[in-house]
Amino acid sequence: MYRIAVCDDDMEFAEQLKTYILGYCIKAGPEVSLKVYTDSGQLMDAVSKKKGYDLYILDIRMPLYSGMDILERLEADDGGAEIILLTSYIGYAVDACSYKKVFRYIAKEDFRDKLGMALDAFFAEMDNRLKHKPYIIQNKIKCVKFYQEDVVYIYKDRKYVLFVLKDGRREKERCSLARVYEKMRNPDMLILDRSYIVNIPRINRIQQEEVVMDCDIILHTNRDHIQKLKAAFAAYWGELL
């Protein structure tokens with residue numbers, strides 16, 4: 001699931017963007033979590049607290065913090081987020097395009113004609129990144145690379161974190177589960193409780209307090225965590241929550 005933030009102080013236009021993006025996703029199929037901000041201060045606060053998104057669609061001219069202010073803040077972050085800038089003032093285009101995180105620049109009056117193509121390109125790029133996104137374990141003894149999509153689940157075993165891969169192979173790394181989750185930065189990964197990280201696309205079914213993963217691996221957790229996982233699982237596959 002991809003996370004998208006829209007920020008525009010024009011409430012009517014922000015609602016138009018929301019309707020357009022959700023309609024696009026219904027037709028094109030990507031699973032998204034969409035958050036609309038009409039107050040740039042709230043978005044800047046979320047960015048400062050590292051509540052990251054995969055895509056930011058920003059109006060350039062806004063009170064308090066402009067789209068360029070938010071862009072500069074995101075530019076300082078080494079994350080993989082992309083940014084689409086929207087404005088009625090074409091004169092900003094030259095400055096905006098000097099930033100590496102600017103994925104597309106679209107005039108507001110053209111958004112219905114051009115935003116769909118920009119989203120097509122964004123989702124294609126993100127799917128390619130995720131498919132080929134490696135995880136590296138490096139220490140004094142070994143250096144191992146595997147792809148995140150091949151991870152079924154991850155669990156904590158004393159001082160080590162163990163990765164269970166789809167081919168049955170297991171790799172381990174001496175660190176915390178929280179550190180692994182931070183390194184992955186993968187929206188398909190969910191911390192189930194203090195002991196597990198599960199790869200949502202690798203879940204076969206959820207029943208009572210059991211989670212059945214690929215290869216019929218069964219994980220056990222409590223009712224509260226099951227409810228959280230059911231919500232994430234349903235959202236991933238596009239079901240109504």
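Refer to the structure above for everything that follows.
Remember, it's a predicted structure, so these values are computed and weren't measured experimentally.

Across the sheet, which stays open at both edges, the five strands sit in the order 2-1-3-4-5 with parallel pairing between neighbours. Looking at the sheet topology across the chains shown, the edges are occupied by strand 2 (32-37) and strand 5 (102-107). Strand-to-strand twist of the sheet, defined as the mean angle between neighbouring strand axes without regard to direction, takes the value 15 degrees. In the sheet, strand 3 (residues 55-59) pairs with strand 4 (residues 82-87) via five bridges, with the strands oriented parallel. In the sheet register, Ile-57 faces strand 4, and the bridge partner there is Ile-84. Across the sheet, helix 1 (residues 11-28) is in contact with strand 1 (2-7), strand 2, strand 3 and strand 4; its angle to strand 2 comes to roughly 175 degrees.

Relative to the helices and strands, Leu-58 is located in strand 3. Each C-alpha atom of the pair Leu-58 and Asn-186 lies 23 Å from the other, and the pair is 128 residues apart in sequence. For Leu-58, the contacting residues outside a window of four places in its chain are Cys-7, Leu-43, Gly-67, Ile-70, Ile-83, Ile-84, Leu-85 and Leu-86.

Overall, the coordinates contain zero disulfides when judged by the stated rule. With no disulfide of its own, Cys-143 lies 14 Å from the sulfur of Cys-175, the closest cysteine sulfur. The exposure class of Cys-143 is exposed, given its relative accessible area of 56%.

Glancing now at the side chain of Asn-199. Inspection of the secondary structure puts Asn-199 in strand 12 (residues 196-199). If near-sequence neighbours (up to four positions away) are discounted, Asn-199 is found in contact with Gln-148, Glu-149, Val-151, Val-152, Asp-188, Met-189 and Met-213.

In terms of nonpolar packing, the biggest core is built from 23 residues, with Ile-4, Ile-21, Ile-57, Ile-84, Leu-115 and Phe-123 touching the most fellow members. Here the element with the most residues in this core is helix 5 (residues 111-131); it accounts for seven residues. Judged by nonpolar contacts, the second largest core, of 21 residues, contains Tyr-37, Ala-46, Leu-58 and Leu-85.

Looking now at unusual backbone geometry. Residues other than glycine seldom take positive phi values, yet Arg-158 does so here, at roughly 55 degrees. With respect to the secondary-structure elements, Arg-158 resides in the loop between strand 8 (151-157) and strand 9 (160-165). Under the relative-accessibility criterion, Arg-158 is labelled exposed at 73%.

Before going further, it helps to spend a moment on the sheet that holds strand 10 (residues 170-173). Strand order in this open sheet of five strands is 10-9-8-12-11, and the pairing throughout is antiparallel. Each end of this open sheet is capped by a strand with a single partner; those strands are strand 10 and strand 11 (189-191). Going across the sheet, the axis of each strand differs from the next one's by a mean of 20 degrees, ignoring polarity. As defined by bridge partners, strand 8 adjoins strand 12 across three bridges and the pair is classed as antiparallel.

Definitions and limits used
- Residues numbered from 1 in each chain as written.
- Predicted model: local features only at pLDDT ≥ 70, side-chain atom pairs only at ≥ 80, totals over all residues.
- Heavy atoms only, no water.
- Pairing = 2+ DSSP bridges.
- Helix = DSSP H or I, 4+ residues; strand = E, 2+ residues; numbered from the N terminus.
- Axes fitted to C-alpha atoms, helices over the stretch in contact; angles between N-to-C directions.
- Contact = heavy atoms within 4.5 Å.
- Disulfide = S-S within 2.5 Å.
- Buried < 20%, exposed > 50% of the residue type's maximum accessible area, 1.4 Å probe, protein only.
- Core = buried A, V, L, I, M, F, W, Y, C linked by side-chain atoms within 4.5 Å.

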